[in-house]
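Okay, here's what each chain looks like letter by letter:
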Amino acid sequence: QVQLVESGGGLVQPGGSLRLSCAASRSVSSSYVMGWYRQAPGKQRELVARVFVGGSTNYADSVKGRFTISRDNGKNTVYLQMNSLKAEDTAVYYCNARQGILGYWGQGTQVTVSS
């Protein structure tokens, strides 16, 4: 079992930046794919970014060049640096840890981009 706790959400103006953090209850460095997903009102949850065990990453097209995912294995933490935020980035952001068919979710953190 892995517990995930997200933090760092909030209200930011368009063009601003936020950094989300996801702290895992135990080491996830050796075999877990870590990801950030988001869900806007009335929409399905969608993948934002993932970082694999070897460190490779992939991103949704809508955030490429603006968001960066990273992992600090020593701190059991995954980050999502979000720059040049847009109104359409407004959503609840969820952290996910996946190992094979096992998957764990955090409780989510709200990100609101508005002037």
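Structure: see above.
Summarised in this report is the structure supplied together with it. Residue positions are given per chain, counted from 1 along the sequence in the order it is written. Side-chain atom pairs in this predicted model are given and counted only at pLDDT of 80 or more, local residue features only at pLDDT of at least 70, and totals for whole chains, interfaces and linings cover all residues. To obtain the side-chain values, all non-hydrogen atoms of the structure were included, while hydrogens and water were left out.

1. Description of the pairing of strand S10 (residues 102-105)
It is a general feature of regular strands that their side chains alternate between the two faces of the sheet. As a reminder, the rule being used: One bridge is not enough; two strands pair if DSSP finds at least two bridges between them. Helix and strand definitions here come from DSSP, where helices need a minimum of 4 consecutive H or I residues and strands a minimum of 2 consecutive E residues; each element is numbered from the N-terminal end.
Relative to S10, strand S9 (residues 91-99) runs antiparallel, the two being bridged by four bridges. Of the residues in S10, the one forming a bridge with Ala 97 is Tyr 104. The antiparallel pairing of S9 with S10 creates a hairpin that spans two residues between the two strands, and Gly 100 there sits at a positive phi of about 65°.

2. Section: the packing of aromatic side chains
When we look at a pair of aromatic rings, we describe it by the centre distance and by the angle of the planes. What counts is decided by this rule: Aromatic rings from Phe, Tyr and Trp, taking only the six-membered ring of Trp, are treated as a pair when their centres fall within 6.5 Å; an angle between ring planes under 30 degrees marks them as stacked, one over 60 as edge-to-face, and anything in between as tilted. For every residue, the accessible area obtained with a 1.4 Å probe (protein chains only) is divided by the maximum for its type, and the residue is called buried under 20%, exposed over 50%, and partly exposed between those limits. Throughout this description, the term charge over a ring refers to an Arg CZ or Lys NZ atom that lies within 6 Å of the ring centre and within 35 degrees of the ring normal.
Per the counting criterion, the structure on display carries three aromatic pairs. Centroid distance Tyr 37 to Trp 105: 5.0 Å. Interplanar angle 70°. Geometry classified as edge-to-face. Note that Tyr 37 is positioned in strand S4 (residues 33-39) and Trp 105 in strand S10, a separation of 68 residues in sequence. Look at Tyr 37 and you get buried, because its relative accessible area is 16%. Note on Tyr 94 and Trp 105: the rings are 6.4 Å apart at their centroids and 90° apart in plane angle, and the pair reads as edge-to-face. Pair noted here: Tyr 94 is in strand S9 and Trp 105 is in strand S10, with a separation of 11 residues, a long-range link. For Arg 45, the ring lying beneath its charged end belongs to Tyr 94, and the centroid distance is 3.7 Å. Taking NZ or CZ as reference, Arg 45 lies 4.5 Å from the ring centre of Trp 105, over its face.

Shape descriptors only; they carry no functional weight alone.
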